[in-house]
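Here is what each chain is made of, one letter per residue.
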Amino acid sequence: MIDNFLNTVNESWDWLITTGIAIWQWLPVDVQTVVLILAKIVLIVLPLMLTVAYVTYAERKVIGAMQVRIGPNRVGFFGFRLWGLGQPIADTVKLMFKEIILPTQANKFLFLIAPVLAIAPALAAWAVIPFDRGMALTNIDAGLLYVLALTSIAVYGVIIAGWASNSKYAIMSALRSGAQIVAYEIAMGFALVGVLMASGSLNLSVIVEGQAGGVSSWFIWPLLPLFLVYFISGVAETNRAPFDVAEGESEIVAGFHVEYSGMAFAIFFLAEYANIILISALTSLMFLGGWLSPFEAWSALDGTALAFLRETSMVWLFAKIAFFIFIFFWFRATFPRYRYDQIMRLGWKVFIPVTIVWIFVEALMSLAHIGPWALSGSLPVALSVAV
């Protein structure tokens, strides 16, 4: 009886495969292309959203350990606690069933579209993020410019959310947060000009391949000031501690999203963590070699059990992203919140001058062919983009 059941299952499976292949071959080429692109998008977005959910869990556990607390440990699956791994799912279900309250006299269309403007750029930017050699949704030559353009749109979600809420608290926070994002966006842009000068390309895959040769060839060393400016500016741009004055409870209640509830608030919350993952991925790609192994130049590993450490893999990229996400958590658990004037002074009077000075230093080093990153033709390309 079991054999008959297994035979029936195998025959049904074979029929499904044969039918699927026949339908696929019957579809026009253009439709096949669209279906493949949609499948790739789903393969990127679904794991990304799951990662965003569990980054919130990881943050609570990591900060809890730093502060000698337990963190979430009650909600599990099927009656088992499993270290609280079901907490993100429980939080999601709770927020899905909470009512979205629209403030009186609020602009309803803008009020509801603002969360979408906040999270959409953080998801759309992954279209050009390469996970490994030849593994990207689309490999465009202006990938770096595309990322810059998209990430700069997120400020509109903040401004619109504050304005559409018809609340003085929300608009005050939106203006402060918007000014902060713009200030640090400029510093991040200048830092990326340095990466462009070092690699000679706007293509993210080419930027990573330009760092081949082991850890000593990574751009973090010749561009160390720009690396620090970029990552710290990323922390500020995502409104994370110690730059989270937009959510200073004693000052302006809960920031620009004070009037949001339910899934509308959850989307803002997810956008913050999606941006954390995006900033960590971009920092890894542009300064730490992306999927390249730090032991790539260690020929002594050949023929040993550790020879696999020299191989390039997306595992290296994920490990670097996880490291930077941990740094985000560490900052939140360690540093007190800055005053607003300190935040703006750091962005305008420290980071922007540092990036401009280092771009000129790098230009001189490029002209003198100092350093392994000085590629021919990179200086004119960078200067033309900067202009």
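Whatever comes next refers back to the structure up there.
Residues numbered from 1 in each chain as written. Predicted model: local features only at pLDDT ≥ 70, side-chain atom pairs only at ≥ 80, totals over all residues. Heavy atoms only, no water.

Enquirer: Just to check I follow, could you spell out the overall build of the protein chain for this structure?
Expert: In terms of regular secondary structure, the protein chain is built from 14 helices and zero strands. Helices (α) and strands (β) of the protein chain occur, in sequence order from the N terminus, as α-α-α-α-α-α-α-α-α-α-α-α-α-α. The principal-axis extents of the C-alpha atoms in the protein chain amount to approximately 80 × 65 × 50 Å. Expressed as a percentage of its 387 residues, the buried residues of the protein chain come to 44%. Long-range contacts, defined here as pairs at least 24 residues apart, represent 75% of the contacts in the protein chain between residues at least 6 apart. When the 20 basic and 23 acidic side-chain charges of the protein chain are each reduced to a single mean position, those positions are 13 Å apart. (Helix = DSSP H or I, 4+ residues; strand = E, 2+ residues; numbered from the N terminus. Buried < 20%, exposed > 50% of the residue type's maximum accessible area, 1.4 Å probe, protein only. Contact = heavy atoms within 4.5 Å. Lys, Arg positive; Asp, Glu negative; His and termini not counted. Charge placed at Lys NZ, Arg CZ, Asp CG, Glu CD.)

Enquirer: So what exactly am I meant to see when it comes to empty space enclosed by the protein here?
Expert: Empty space left among the atoms is revealed by rolling a probe the size of a water molecule over them. Per the stated rule, a full pass over the model turns up one cavity of 30 Å³ or more. For the largest cavity, the calculated volume is near 70 Å³. Around the largest cavity sit Val147, Leu148, Thr151, Glu185, Met188, Leu192, Tyr230, Glu237, Ile279, Leu282 and Met286, which together line it. Taken together, the elements giving at least two residues each to the lining of the largest cavity come down to helix H5 (143-151), helix H7 (168-199), helix H9 (224-237) and helix H11 (262-287). Grouping the constituent residues of the lining of the largest cavity by class yields eight nonpolar, one polar and two charged. (1 Å grid on protein atoms, 1.4 Å probe; cavity = no way out; pocket = protein on both sides within 12 Å on 5 of 7 lines; lining within 4 Å. Points joined across faces, edges and corners; volume = space filled by probe spheres on them. Nonpolar A, V, L, I, M, F, W, Y, C, P; charged D, E, K, R; others polar.)

Enquirer: What exactly am I supposed to notice about the side chain of Gln180 here?
Expert: By the secondary structure assignment, Gln180 is in helix H7. Residue Gln180 is classed as buried on the basis of its relative accessible area of 0%. For Gln180, the side chain forms a polar contact with the side chain of Asn239, separated by 3.2 Å. A distance of 3.0 Å separates the side chain of Gln180 from the backbone oxygen of Phe243, its partner in a polar contact. What Gln180 contacts, discounting residues up to four positions off in sequence, is Ala236, Asn239, Phe243, Val245, Tyr340, Ile343 and Met344. (Polar contact = N/O pair within 3.5 Å; in protein donor to acceptor, adjacent residues only side chain to side chain.)

Enquirer: Can you walk me through the nonpolar core in this structure?
Expert: Among soluble globular proteins, nonpolar side chains are generally buried collectively. In this structure, Trp126, Tyr184, Leu204, Tyr230, Ile277, Met286 and Phe287 are the most contacted members of the largest nonpolar core, which totals 65 residues. Breaking this core down by element, the ones donating at least two residues are helix H2 (29-66), H5, H7, helix H8 (204-209), H9, H11, helix H12 (314-334) and helix H13 (340-367). Looking at which element gives the most residues to this core, the answer is H11, with 11 residues. With near-sequence residues (within four places) excluded, Ile277 lies in contact with Leu48, Thr51, Val52, Val55, Trp126, Ile321 and Ile325. Judged by nonpolar contacts, the second largest core, of 16 residues, contains Ile119, Val155, Val158 and Ile160. (Core = buried A, V, L, I, M, F, W, Y, C linked by side-chain atoms within 4.5 Å.)

Enquirer: It is not clear to me how H7 should be interpreted in this structure. Could you clarify?
Expert: The periodicity of an α-helix, 3.6 residues per turn, causes residues three or four positions apart to be oriented the same way. End to end, H7 covers 46 Å across 32 residues, agreeing with the expected 46 Å (1.5 Å per residue, within 8%). Among the 32 residues that make up H7, 23 are buried, leaving the element largely enclosed by the rest of the structure. Structurally, the start of H7 carries an N-cap: the backbone nitrogen of Tyr169 is 3.4 Å from a side-chain oxygen of Ser167. Once H7 finishes, Gly200 follows within two positions and takes phi at roughly 75°, a positive value. (Expected span 1.5 Å × (residues − 1).)

Enquirer: Where do I start with the pattern of salt bridges in this structure?
Expert: A side chain of one charge can pair with a side chain of the opposite charge when the charged atoms of the two come close. Taken as a whole, this structure holds nine salt bridges when the rule is applied. Of the charged contacts, one joins Glu59 and Arg240 as a salt bridge, the two residues approaching to 2.3 Å between their closest N and O atoms. Taken together, the residues span a long stretch of sequence, with Glu59 in helix H2 and Arg240 in the loop between H9 and helix H10 (249-252) at a distance of 181 residues. Exposure remark for Arg240: the relative accessible area of 2% places this residue in the buried category. Taking the shortest distance from any N to any O, the salt bridge between Glu272 and Arg240 comes out at 2.8 Å. Linking Glu272 in helix H11 with Arg240 in the loop between H9 and H10, this pair joins segments that are 32 residues apart in sequence. (Salt bridge = Lys/Arg side-chain N within 4 Å of Asp/Glu carboxyl O.)

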